[in-house]
Amino acid sequence: VELGSFDPEEWVTNVEVDGAMAVAVGAFGTIGALWTVDLSDPAAPVELGRLEHTQWQPSGIAINNHRAYVGCSRLGLTVVDLADPTQPQWVGFTAGPDTAAGVAISRGFAYLADHGRGLWVYDIESGDLPIEVAVAAPNTPFGDVTIRDDHLIAVGRDGMRVFDLASPASPVLIHRTRTLDEPLG
């Protein structure tokens, strides 16, 4: 049963919920956008703020400490300050993969899936912008990532891989499952 809806008139590709706020990302043509949405009344979601950028094609998002970490084609991992949800502020981006997709965060690190160049690992506690610390499974196409406990699960065209995050800066592959078709992230 649908309680309410939010229609930004653009293509929303992903959403993350943080308390009573949703943060959605998407694109329309060459303009990418991030929306903050008040969910305190689920029957009547209200747009709080929006940030648009040309050449920004956001696909994945994770939130940590009032910041959105967004996987973007063309720009890699971008960072948006959400301290004031009515005015999301562009912080910057890392010079990383150009086909970035899903993002997950755990214990001070962001993990960015890339459609063509593996799983990128960033330290997100050492400054305003993430610092690249590793690339796991280079040249492996990943479309999305998620984390449960100390394990990261990455999916892509050739199946699913599970990484041990006991050492968060150095994911270790512990399991691989191949599939015939690309999973939908």
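Residues numbered from 1 in each chain as written. Predicted model: local features only at pLDDT ≥ 70, side-chain atom pairs only at ≥ 80, totals over all residues. Heavy atoms only, no water.

J.: Describe the overall build of the protein chain, naming the residues involved and giving the relevant values.
T.: A tally of regular secondary structure across the protein chain gives 0 helices and 16 strands. Among the 185 residues that make up the protein chain, the fraction classed as buried is 44%. Once local pairs closer than 6 in sequence are excluded, the contacts in the protein chain between residues at least 24 apart make up 38%. Just so you have it, the protein chain exposes about 9,200 Å², and 51% of that area is on carbon and sulfur atoms. Looking at charge distribution, the protein chain has the averaged site of its 10 positive side-chain charges lying 11 Å from that of its 25 negative ones. (Helix = DSSP H or I, 4+ residues; strand = E, 2+ residues; numbered from the N terminus. Buried < 20%, exposed > 50% of the residue type's maximum accessible area, 1.4 Å probe, protein only. Contact = heavy atoms within 4.5 Å. Areas by Shrake-Rupley, 256 points an atom, 1.4 Å probe, with all protein chains shown as cover. Lys, Arg positive; Asp, Glu negative; His and termini not counted. Charge placed at Lys NZ, Arg CZ, Asp CG, Glu CD.)

J.: Which residues make up the pairing of strand β2 (residues 21-28), and what are the values?
T.: The buried fraction of β2 amounts to 7 of the 8 residues, a majority that puts the element mostly inside the structure. The pairing of strand β1 (residues 11-18) with β2 spans 7 bridges and is antiparallel. When the bridges of β2 are listed, Asn14 appears paired with Val25. For β2 and strand β3 (residues 31-38), the ladder comprises 8 bridges, and the chain directions are antiparallel. Paired with Val23 across the bridge in β3 is Thr36. (Pairing = 2+ DSSP bridges.)

J.: Hey, could you go over the sheet that holds strand β9 (residues 100-106) for me, with residue numbers and the actual values?
T.: On the basis of which strands lie adjacent, the open sheet formed by 4 strands has the order β9-β10-β11-β12 and antiparallel pairing. Pairing within the sheet leaves two strands with one partner each, and these edge strands are β9 and β12 (131-136). Taking the axes of each pair of neighbouring strands and ignoring which way they run, one obtains an average angle of 25 degrees across the sheet. Pairing analysis gives 6 bridges linking strand β10 (residues 109-114) to strand β11 (residues 118-123), with the strands arranged antiparallel. Across the sheet, residue Phe109 finds its bridge partner in β11, namely Asp123. (Axes fitted to C-alpha atoms, helices over the stretch in contact; angles between N-to-C directions.)

J.: Kindly report on the environment of Leu39, identifying the contributing residues and their values.
T.: Mapping Leu39 onto the fold places it in the loop between β3 and β4 (46-54). Taking the C-alpha atoms as reference points, Leu39 and Arg74, separated by 35 residues in sequence, lie 31 Å from one another.

J.: Give me the sheet that holds strand β15 (residues 159-164): which residues, what numbers.
T.: Read across the sheet, 4 strands follow the order β13-β14-β15-β16 without closing on themselves; strand pairing throughout is antiparallel. Only two strands of the sheet have a single neighbouring strand rather than two, namely β13 (144-148) and β16 (172-177). Strand-to-strand twist across the sheet, computed as the mean angle between neighbouring axes with direction ignored, equals 20 degrees. Here strand β14 (residues 151-156) runs beside β15; their pairing, made up of 6 bridges, is antiparallel. The residue of β15 that forms the bridge with His151 is Asp164.

J.: Tell me what's going on with the pattern of salt bridges, and back it up with residues and numbers.
T.: Under the criterion given, the structure shown has 8 salt bridges. A salt bridge links Arg161 to Asp158, with the shortest nitrogen-to-oxygen separation between them at 3.1 Å. Residues Arg161 and Asp158 agree in their burial class; the two are buried. A salt bridge links Arg176 to Asp158, with the nearest nitrogen and oxygen atoms 3.3 Å apart. Here the residue Arg176 occupies a position in strand β16, and Asp158 occupies one in the loop between β14 and β15, the gap between them amounting to 18 residues. The buried category is assigned to Asp158, whose relative accessible area is 15%. (Salt bridge = Lys/Arg side-chain N within 4 Å of Asp/Glu carboxyl O.)

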